[in-house]
Amino acid sequence: MTPTLLSRRTACGLLGGALTGSLLLTGCATTADSGAGGPDTLTMATTTPPNVLDVAHGFTVPGTLVQFAILDSPVTRDENGKVIPQLAESWTEPNPVTYVFKLRKGVVFSDGSPMTAEDVAFSLLRHTDPKVASEAASMVTAVKSVRATGPDEVTVVLKSPTRTFLPNAAVVWQVVPKKLAAAHPQDLGTPAFGTLGTGPYKVAKFSSTEGVTLKRNEKYWGPKPAIGTVKVTTITDPETLRLAVSSGEVDGTIQVPPRDARKWAPLKDVRTRFYAGNSIAYLALNVKYAQLSDVHVRRAIAHAVNREAMQRLVVGDKATPATTILTHPMLKALYGDGFQGAIDQLPQYPYDLAAARAELAKSKYPNGFELPANYNSGDNTADALQALAADLAKIGIKLKPNPLPDDAYRAKRMRHDGLTLGLIDLAYTTPDPGELLPDLVSSVGAKPYGFNFAQFWTPQLDAQVNKVLGLKSGEERKQAVTEILTETAEQAPYIPLYSVDSGIALNKRFTENVGVWTLNIFTEIKPAGA
């Protein structure tokens, strides 16, 4: 889902449609308040600004980077992706649809006002309110009710058993004062009104032009962070970003473009590291669109795609080839370390032009056809689409890429306007397949502003997805997911490409312990030797 970011998940997005951790916008701009400081000050750069410090309207990489530093949730996750307590001391599940959270006592917001159970309950409930139009709404669709059932207790009731509720809550249930959030349903977290949290940092300065400055929250209920001041600045141009980190103008970034990994590796006094991400890049083929409604056409395209070449063009070698729609962390969580054996049993479409021609010959369009495809002129997918057009031309399909400005492209795609073939990259926040499947193979995801850009779903698939959401881990759940993956592979609405790695660069004055499941980046960065 995330996705995402054109709003999908913390580090999610659409490659050529929503933001990803590696999306680089054109231009060359830096904010005024940039520059690295002393050992107690960390300056990080992002490629787009954190314009809103609230997940409801700022579900982007830069936005959540700051949000997780200032806003706590009842639950969070550890380095392995396991959900653990945060503002809640514990929770119980008296039945499959009910969660009762026991809250920590004595927690206060950064202004000293006490956090109440009403604050906690409202902070989740607001995402279900259509008037708020929360970008996180798709992650809490299972929520039926949220109530403060005691001074230090909140009870959540779901519409049906949903195993992804807790992992999603760790991301989107950011606790804010009820009075503040109710007064600002649309503009909470903006520079004009700001926000208030219980996290390890508090906002000292926030401007759309000068970035964000955070200070250590001395009223924080947990361990104090090692760094006293954090500044977040914006550098939109990739080469300017690299030079700023190299010179020490800024201390680092979590948005190292994988495609430029070799340029970042030799930087003096900078440690650049890539780690496996929880994302999946793929081609989405709209099964409701004329020629693409023919399964043989979709299979022909799948055989005609040179996945290795597309990966090199978009992200270089900092990615892992994908052969199914689930991310690698999801596959490992579902099947264990031997997940490759399980996915090898699924229908596969290796690069094979002869097989592609054979499939097209079985279709209603054996002589080929023209296929328009919108793409984002502001990112690095144009070369990949041109390469794809060259491959498809070899089997008689004439791809006609249509460039659109960044904002126009994203708006059209999220409205599901003009969907044909699209290059997508979605990043997710949990290792649970139940987070991704509703996005890609359900009727909910096929609605406007959903992420089922292939428009691929059936009542049977909806029922199967709901079954997966209600099952705990085990053989029955594994079998249910396998059946969905098999059906999806046979119908080929998606052509999996790769899972891109995430990259972080940091001045050697600091050390970091950041991984795929890290939510609060800044608390995982410390001065060297600390």
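Residues numbered from 1 in each chain as written. Predicted model: local features only at pLDDT ≥ 70, side-chain atom pairs only at ≥ 80, totals over all residues. Heavy atoms only, no water.

## Describing the overall build of the protein chain
Then comes step 1: Scanning the protein chain from N- to C-terminus turns up 16 helices and 21 strands.
Then comes step 2: The C-alpha extent of the protein chain, read off along each of the three principal axes, is 70 × 55 × 40 Å.
Then comes step 3: Scored against the burial criterion, the 530 residues of the protein chain give a buried share of 58%.
Then comes step 4: With the model as given, the accessible surface of the protein chain reaches about 19,900 Å², and the carbon-plus-sulfur share is 52%.
Then comes step 5: Looking at charge distribution, the protein chain has the averaged site of its 54 positive side-chain charges lying 1 Å from that of its 51 negative ones. (Helix = DSSP H or I, 4+ residues; strand = E, 2+ residues; numbered from the N terminus. Buried < 20%, exposed > 50% of the residue type's maximum accessible area, 1.4 Å probe, protein only. Areas by Shrake-Rupley, 256 points an atom, 1.4 Å probe, with all protein chains shown as cover. Lys, Arg positive; Asp, Glu negative; His and termini not counted. Charge placed at Lys NZ, Arg CZ, Asp CG, Glu CD.)

## Quick look at empty space enclosed by the protein
Then comes step 1: A volume near 60 Å³ is recorded for the second largest cavity.
Then comes step 2: N374, L404, Y409, K412, R413, D417, G418, L419, T420 and L421 together form the lining of the second largest cavity.
Then comes step 3: Considering every element that reaches the lining of the second largest cavity, the biggest residue donor is helix 13 (residues 406–414), with 3 residues.
Then comes step 4: Partitioned by chemical class, the residues of the lining of the second largest cavity number 4 nonpolar, 3 polar and 3 charged. (1 Å grid on protein atoms, 1.4 Å probe; cavity = no way out; pocket = protein on both sides within 12 Å on 5 of 7 lines; lining within 4 Å. Points joined across faces, edges and corners; volume = space filled by probe spheres on them. Nonpolar A, V, L, I, M, F, W, Y, C, P; charged D, E, K, R; others polar.)

## Digging into the layout of surface pockets
Then comes step 1: In this structure, the second largest pocket spans a volume of roughly 660 Å³.
Then comes step 2: Lining the second largest pocket are 31 residues, with T76, Q86, N520, T523 and E524 sitting closest to its centre.
Then comes step 3: Where the lining of the second largest pocket is concerned, the elements lending two or more residues are strand 2 (75–77), strand 3 (83–85) and strand 21 (525–527).
Then comes step 4: A class-by-class count of the residues in the lining of the second largest pocket yields 16 nonpolar, 8 polar and 7 charged.

## Structural notes on the environment of D425
Then comes step 1: Along the chain, D425 turns up in strand 17 (residues 421–427).
Then comes step 2: Note on D425: relative accessible area 2%, which makes it buried.
Then comes step 3: Considering only alpha carbons, one finds D425 and P496, 71 residues apart in sequence, at a separation of 10.0 Å.

## Examining the sheet that holds strand 9 (residues 211–216)
Then comes step 1: Across the sheet, 7 strands lie side by side as 8-9-10-1-11-19-12; this open sheet has mixed pairing. Edge positions in the sheet fall to strand 8 (201–207) and strand 12 (270–275), since each of these pairs with one other strand and no more.
Then comes step 2: Pairing between strand 11 (residues 252–253) and strand 19 (residues 502–507): 2 bridges, direction antiparallel. Residue pairing for strand 19: G252 is matched across the bridge by L506. (Pairing = 2+ DSSP bridges.)

## Here we look at the pattern of salt bridges
Then comes step 1: Following the criterion strictly, the structure yields 19 salt bridges and no others.
Then comes step 2: Between R312 and E308 there is a salt bridge, and its shortest N-O distance comes to 3.3 Å. Of this pair, R312 and E308 both sit in helix 8 (residues 307–315), 4 residues apart, which is roughly one turn of that helix.
Then comes step 3: The class for E308 is exposed, based on a relative accessible area of 57%.
Then comes step 4: When the shortest N-O distance is used, the salt bridge between D432 and R477 registers 2.9 Å. Taken as a pair, D432 in the loop between strand 17 and helix 14 (433–441) and R477 in helix 16 (residues 475–491) lie far apart in primary sequence, 45 residues in all. (Salt bridge = Lys/Arg side-chain N within 4 Å of Asp/Glu carboxyl O.)

## Quick word on helix 16
Three- or four-residue spacings in an α-helix give side chains the same orientation, since the helix completes a turn every 3.6 residues.
Then comes step 1: With 17 residues, helix 16 should reach 24 Å at 1.5 Å per residue; the first-to-last C-alpha distance of 24 Å fits that figure.
Then comes step 2: Listing the buried residues of helix 16 in full gives R477, A480, V481, I484, L485, T488 and A489. For helix 16, the arc enclosing every buried residue in end-on projection is 170°, short of the 170-degree limit, so these residues lie on one face.
Then comes step 3: Close packing links the buried residues of helix 16 with helix 9 (328–335), helix 14, helix 15 (459–470) and strand 18 (494–500). (Expected span 1.5 Å × (residues − 1). Arc of directions from axis to C-beta. Contact = heavy atoms within 4.5 Å.)

## Digging into the pairing of strand 16 (residues 397–404)
Then comes step 1: Direction of pairing for strand 15 (residues 369–376) relative to strand 16: parallel, over a ladder of 8 bridges. Among the inter-strand pairings, E370 is bridged to a residue of strand 16, identified as K398.
Then comes step 2: For the crossover from strand 15 across helix 12 (residues 382–393) to strand 16, the handedness is right-handed. (Right-handed = clockwise from strand over helix to strand, strands pointing away.)

## Points about the packing of aromatic side chains
Then comes step 1: Counted according to the given criterion, the structure contains 9 aromatic pairs.
Then comes step 2: When the ring of Y282 is compared with that of Y494, the centres are 5.1 Å apart and the planes differ by 85°; the resulting orientation is edge-to-face. Within this pair, whereas Y282 is found in strand 13 (residues 279–285), its partner Y494 is found in strand 18, the two being separated by 212 residues in sequence. Of the two residues examined, Y282 and Y494, each falls in the buried class. (Phe/Tyr/Trp six-rings, centres within 6.5 Å; stacked < 30°, edge-to-face > 60°.)

## Structural notes on the nonpolar core
Then comes step 1: Counting residues in each nonpolar core, the largest one holds 37 residues, and the members touching the most others are L283 and I301.
Then comes step 2: In this structure, I325, I343, V441 and A480 belong to the second largest nonpolar core, which totals 36 residues. (Core = buried A, V, L, I, M, F, W, Y, C linked by side-chain atoms within 4.5 Å.)

## Overview of the confidence of the model for the protein chain
Then comes step 1: Mean pLDDT over the protein chain: 90, with 93% of residues reaching 70 or higher.
Then comes step 2: For the stretch residues 1–35, pLDDT sits under 50, and the model shows 172 contacts to residues farther than four places along the chain or on other chains. (pLDDT = per-residue confidence, 0-100.)

## Quick notes on the packing of helix 7 (residues 295–304) against helix 11 (residues 353–362)
Then comes step 1: Contact geometry of helix 7 with helix 11 gives a least axis separation of 8 Å together with a crossing angle of 170°. Between helix 7 and helix 11, the interaxial angle falls into the category roughly antiparallel. On helix 11, the residues that touch H296, V297, R299, A300, H303 and A304 of helix 7 are L353, A355, A356, E359, L360 and K362.
Then comes step 2: Per-class residue counts for the contact of helix 7 with helix 11 are 7 nonpolar, 2 polar and 3 charged. (Axes fitted to C-alpha atoms, helices over the stretch in contact; angles between N-to-C directions. Parallel < 35°, antiparallel > 145°, perpendicular 65-115°, else oblique.)

## Quick look at the sheet that holds strand 18
Then comes step 1: Taken together, 4 strands build an open sheet; the order of strands is 14-18-13-17 and the sheet is antiparallel. Edge strands, defined here as strands with exactly one partner in the open sheet, are strand 14 (319–321) and strand 17. Averaged over all pairs of adjacent strands, the angle between their axes in this sheet comes to 25°, without regard to strand direction.
Then comes step 2: In the sheet, strand 13 pairs with strand 17 via 7 bridges, with the strands oriented antiparallel. Within the sheet, the bridge partner assigned to A284 lies in strand 17 and is G422.
Then comes step 3: On the sheet, helix 8 packs against strand 13, strand 14, strand 17 and strand 18 and is oriented at approximately 45° with respect to strand 18.

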